[in-house]
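Coordinate inspection notes
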Amino acid sequence: MENIEKHEKDTQLFPVFDLEIAAGEITAIYSTLNVRSTLLNMIIGKIPIINGEIRVKGVTIIEDKRAFLNQLGICFFEEGMYERLTVHEYFMFFGGLYNFEQDFEQVFQLTQLQGKKNTKIRDLTFSEMKRVQYGRLLIQSPSIFIFEEPDLNVDMETKRVLINITRRIQEEGKSILVLTGNMESAVTVADRVYRLEEDGLRIIETETDEDTEVKEEITEVTPPEETDNEKELKPIQLNKIPTKVNDKIVLFDPPEIDYIESNDGQANIYIKGEAFPSSLTLTNLEERLQHFGFFRCHRSYIVNLQKVREVITWTRNSYSLILDDKEKTQVPLSKTKMAELKDLLGLK
């Protein structure tokens, strides 16, 4: 993708950006629904590209539409399916379209649909239907696989199937682009994760455990520089809050955080409805975040007061904080913390 941008009337949806996905790479773009659908429609030619261009193996859709589209395999979030066919009939149908000469049994194994071969599509669960979509892409076997929200609202088995399939595709030297609004999904599946919004395309800071280990080893074997005059070492103030998804570390700015919940000793940081596990304790997080307007509203909760819209009194001893989001998320407020909050807000 080169010089890709989109404006809607007087609003800039996203500014000019460039992105290259090499063979064997898995790249994710984290964005809003509007940005995601616009970018997808630009890729398939439904929305014209004014100044830039998108090439797959050196070909644009204008130069050779058939050759361009034949290289793409897209798993749409909402995709029409032939619901009267069984899973086996569905795979056979697409096998004929794409001259699939391999063993269909392997597709059934990869998608974990062996027991659903003779089940009609309409009788499958949502998660099983999603696995059928994965299987259709494996049969098509394009140069670049594009997944739109591939694991949204699916069960854990389907998430495992998706990860296994993406790793298999990567081993075959093919490219994958994941378009999602779920940060956990992006970080779990992809090698590189970008955020695309009105201020442009920015890479999300992540690092693997191996990277961390290497840094720690270098720190241990490299002695500090010595000078004649001892210098006072100033402590580094780290404002970003680390979270961990599988083997990667994701760093968030405090204002992004809505609230934090501790369950069985595990602190989870919530951002726009998504939970990100933290290696820090709730007490550690409270110490780090108190200067950013965070409040320990309950023994198991810390809330960003900038995100609170209402304080609800259910009974004399039961209270809740209502966050200013679409879901009107409720965070518990204990009786003792209610008194502290009133003092903090200057209320009697």
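Calculation criteria
Residues numbered from 1 in each chain as written. Predicted model: local features only at pLDDT ≥ 70, side-chain atom pairs only at ≥ 80, totals over all residues. Heavy atoms only, no water. Helix = DSSP H or I, 4+ residues; strand = E, 2+ residues; numbered from the N terminus. Buried < 20%, exposed > 50% of the residue type's maximum accessible area, 1.4 Å probe, protein only. Axes fitted to C-alpha atoms, helices over the stretch in contact; angles between N-to-C directions. Parallel < 35°, antiparallel > 145°, perpendicular 65-115°, else oblique. Left-handed = near helix turned anticlockwise from the far one by under 90°. Contact = heavy atoms within 4.5 Å. Nonpolar A, V, L, I, M, F, W, Y, C, P; charged D, E, K, R; others polar.

**What to know about unusual backbone geometry**
The backbone of Lys-57 shows a phi angle near 55°, a positive value even though the residue is not glycine. By secondary structure assignment, the location of Lys-57 is in the loop between helix 1 (33-43) and helix 2 (65-70). Take Lys-57: its relative accessible area is 68%, and that puts it in the exposed class. A positive phi is found at Lys-272, a non-glycine position, where the angle reads about 50°. Considering the arrangement of structural elements, one finds Lys-272 in the loop between strand 13 (266-271) and strand 14 (274-278).

**Let's talk about the packing of helix 3 (residues 87-97) against helix 5 (residues 126-140)**
The angle between the axes and the distance between the axes are what describe a pair of packed helices. One way to put it is that helix 3 packs onto helix 5 with a least axis distance of 9 Å and a crossing angle of 25°. When the interaxial angle is binned, helix 3 and helix 5 end up roughly parallel. Crossing hand, helix 3 versus helix 5: right-handed. The residues of helix 5 that touch helix 3, namely those facing Val-87, Tyr-90, Phe-91, Phe-94 and Gly-95, are Val-132, Gly-135, Arg-136 and Ile-139. For the contact of helix 3 with helix 5, a count of residues per class yields 6 nonpolar, 2 polar and 1 charged.

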